[in-house]
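So you can see what is in the structure, the chains are spelled out below.
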Amino acid sequence: MNNFIFCPEIISRLVFYPVWDMWDRSKKLSEYHSLMNSQWESRDTLQNDQENRVRELLLYASEYSPYYKDLFSDNNIDLQNPNFTQLIHSVPVTKKQDLRNNIDRFISNEFKKEELINAKTGGSTGFSLDLFFDKRCQEKRNAAAMRTDKWAGWEAGKVRGDLWGNPKLPKSVKQKIRNCLLDKIIYLDTMKLSDHSMSRFVERVRNYGVEVIFGHAHSIFLLAKFIDSQKLMIPPMTGVISTSMMLIESERKLIERVFSCKVTNRYGCEEVGLIASECELHEGLHVNMEHVFVEIVNEQGEAVKDGEVGKVLVTDLNNHAMPLIRYQVEDMAVATSRQCSCGRGSQLIEGLSGRVADFLKLSDGSSVAGISLIERTLTKVIGIEQMQIVQKKLDEIEINRVKGRDFTDSSDQELMAELSQVFGEEVKIRVIDVDRIPQEKNGKYRFSICQL
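Reading the values: rules and limits
Residues numbered from 1 in each chain as written. Predicted model: local features only at pLDDT ≥ 70, side-chain atom pairs only at ≥ 80, totals over all residues. Heavy atoms only, no water. Helix = DSSP H or I, 4+ residues; strand = E, 2+ residues; numbered from the N terminus. Expected span 1.5 Å × (residues − 1). Buried < 20%, exposed > 50% of the residue type's maximum accessible area, 1.4 Å probe, protein only. Polar contact = N/O pair within 3.5 Å; in protein donor to acceptor, adjacent residues only side chain to side chain. Core = buried A, V, L, I, M, F, W, Y, C linked by side-chain atoms within 4.5 Å. Contact = heavy atoms within 4.5 Å. Pairing = 2+ DSSP bridges. Axes fitted to C-alpha atoms, helices over the stretch in contact; angles between N-to-C directions. Phe/Tyr/Trp six-rings, centres within 6.5 Å; stacked < 30°, edge-to-face > 60°. Lys NZ or Arg CZ within 6 Å of the ring centre and 35° of its normal.

Draft legend 1. View of helix 8 (residues 135-152). With 18 residues, helix 8 ought to run about 26 Å at 1.5 Å a step, and its terminal C-alpha atoms sit 26 Å apart, in line with that. Taken as a whole, helix 8 has its buried residues at Cys137, Glu139, Arg141, Ala143, Ala144, Ala145, Met146, Arg147, Thr148, Asp149, Trp151 and Ala152. Capping the start of helix 8 is the job of one residue whose side-chain oxygen sits 3.2 Å from the backbone nitrogen of arginine 136: aspartate 134.

Draft legend 2. Region of the structure containing the nonpolar core. In this structure, Ile213, Leu223, Ile255, Phe259, Ile389 and Phe423 are the most contacted members of the largest nonpolar core, which totals 57 residues. Mapped by element, the contributors of at least two residues to this core are strand 4 (185-189), helix 10 (195-208), helix 11 (217-230), helix 12 (249-259), helix 13 (370-380), strand 16 (384-393), strand 17 (396-403) and helix 14 (411-423). Counting residues per element, this core draws most heavily on helix 11, which supplies 8 residues. Once residues lying within four places of it in the same chain are set aside, the contact partners of phenylalanine 423 are Leu360, Lys361, Leu362, Val368, Leu373, Gln391 and Ile397.

Draft legend 3. The arrangement of the side chain of aspartate 316 in detail. Note that aspartate 316 resides in strand 11 (residues 309-316). Polar side-chain contacts of aspartate 316 include one of 3.3 Å to the backbone nitrogen of asparagine 319. With sequence-adjacent residues up to four places away left out, aspartate 316 is seen in contact with Leu57, Arg141, Glu271, Val272, His291, Val292 and Leu324.

Draft legend 4. Fine view of the environment of valine 263. The residue valine 263 is located in strand 7 (residues 263-269) in this model. Taking the relative accessible area as the measure of exposure, valine 263 reaches 0% and is therefore buried. C-alpha separation for the pair valine 263 and valine 240, spaced 23 residues apart in sequence, amounts to 4.8 Å.

Draft legend 5. Looking closely at the sheet that holds strand 17. The mixed open sheet is built from 4 strands, whose spatial order is 18-17-16-19. Edge positions in the sheet fall to strand 18 (428-433) and strand 19 (448-450), since each of these pairs with one other strand and no more. Sheet twist, expressed as the mean angle between neighbouring strand axes with direction ignored, is 15°. Bridging between strand 17 and strand 18 involves 6 bridges; their strand directions are parallel. Bridging from a neighbouring strand, asparagine 400 pairs with isoleucine 432 of strand 18. Docked against the sheet, helix 13 engages strand 16 and strand 19, running at close to 140° with respect to strand 16.

Draft legend 6. Spotlight on the packing of aromatic side chains. All told, the structure shown has 7 aromatic pairs when counted by the stated rule. When the ring of tyrosine 67 is compared with that of tyrosine 68, the centres are 5.2 Å apart and the planes differ by 85°; the resulting orientation is edge-to-face. A single burial state applies to tyrosine 67 and to tyrosine 68, both of which are buried. For the pair tyrosine 68 and phenylalanine 106, a centre-to-centre distance of 5.4 Å together with 90° between the ring planes defines the contact as edge-to-face. Taken together, the residues tyrosine 68 in helix 4 (residues 66-74) and phenylalanine 106 in helix 7 (residues 103-106) connect sequence positions 38 residues apart. Taken individually, tyrosine 68 and phenylalanine 106 each receive the classification buried, so the pair is uniform in this respect. Lying across the ring of phenylalanine 133, arginine 141 places its NZ or CZ 4.7 Å from the centre. When the ring centre of phenylalanine 214 is taken as origin, the NZ or CZ atom of arginine 160, which lies over that ring, is 4.7 Å away.

Draft legend 7. Spotlight on unusual backbone geometry. The phi dihedral of histidine 282 falls on the positive side, at around 55°, and the residue is not glycine. Relative to the helices and strands, histidine 282 resides in the loop between strand 8 (273-278) and strand 9 (285-287). Of note, the phi angle at arginine 326 is positive, near 50°, even though the residue is not glycine. Tracing the backbone shows arginine 326 in the loop between strand 11 and strand 12 (327-335). Judged by relative accessible area, which is 3%, arginine 326 ranks as buried.

Structure below.
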């Protein structure tokens, strides 16, 4: 991977991308062009199209997915209900354990399991899942990612630097040719981050003309921090795309300063692909309405009001091979009815508040968003560079803390005092000095973990 020569950008975009698409008999580029047009449709038009597709999916699942056929029958779901809101709310939520315990019954009778594309989730919340989808679904997901890449400043032909755990490096001749002509990616394996690997990656970024950085939010932050501390020279990027985990505001600021461009925050999951992404104006996350139907609901399953935090439910409009309807992805987000000033009609998500499992418990029975607590604490306490909150018991919390440049003897006392205001004086708080925040097995980072 160190001695390849990338095809010039314009030839890659105008020649090899469409030729390769035809060779693979792929619909990715045609779907991409369709999405580039539909993004300017009005909110009403997008919602009407979306509701029609949800209805079509419900009818399809009732006939071909054994799991949903039984679910709809057992709950007397009236699939002909003309009131869409009533219809969708009558469908029970699908949870991760439902999927894991009934995986074969989710799969459509129209498809053979062994002929489907298989993917797995990382299992960082305790559930490792096998997922199945067909080629057309994968192509549509890739097209949606291309559209948001475009918003961030990347388009076909530009060289990208990816920060990923255990990256799938090109091995076959076809894969290597594709990487030189089309994908044009250099990798930094986030499972092997070191001063040497990051320094080598920065050198390759310069040598190969990388214009966009893509990867886990915290991994990009660690690279930016290394570049900043070592005073390395790096050309301004066209864009930085942060995905797969929460983007902390303090980390966003450093990343944007080091790479001299805005960070595009993107939200998705293995189960359904891209869910939402910021556009070039960064006024919220645009829901990928052409491909997913997103609800943000409270504990009773009702839609939350503007500005309120709720659980994210996603219905995948593309995957008929393994339908997922009102699937709870275990994330929390802030709802809003406003529209972005960019002119795109799509639904917005105001912001993400972390996973359900990342909400910490208070003694009075209420919860606090761990990611929000960390952001607030990092801005108030001087000398703390990074931290991870682990709640093992209701009255016991551990803080994995990384010292910053301005760390003093009073930093930890201020940290504990700040957290005691939230959790109460009776809660035992223990600070553990660490050099770095530990990674999950899939290379991601979690800043708040509730083990209750």
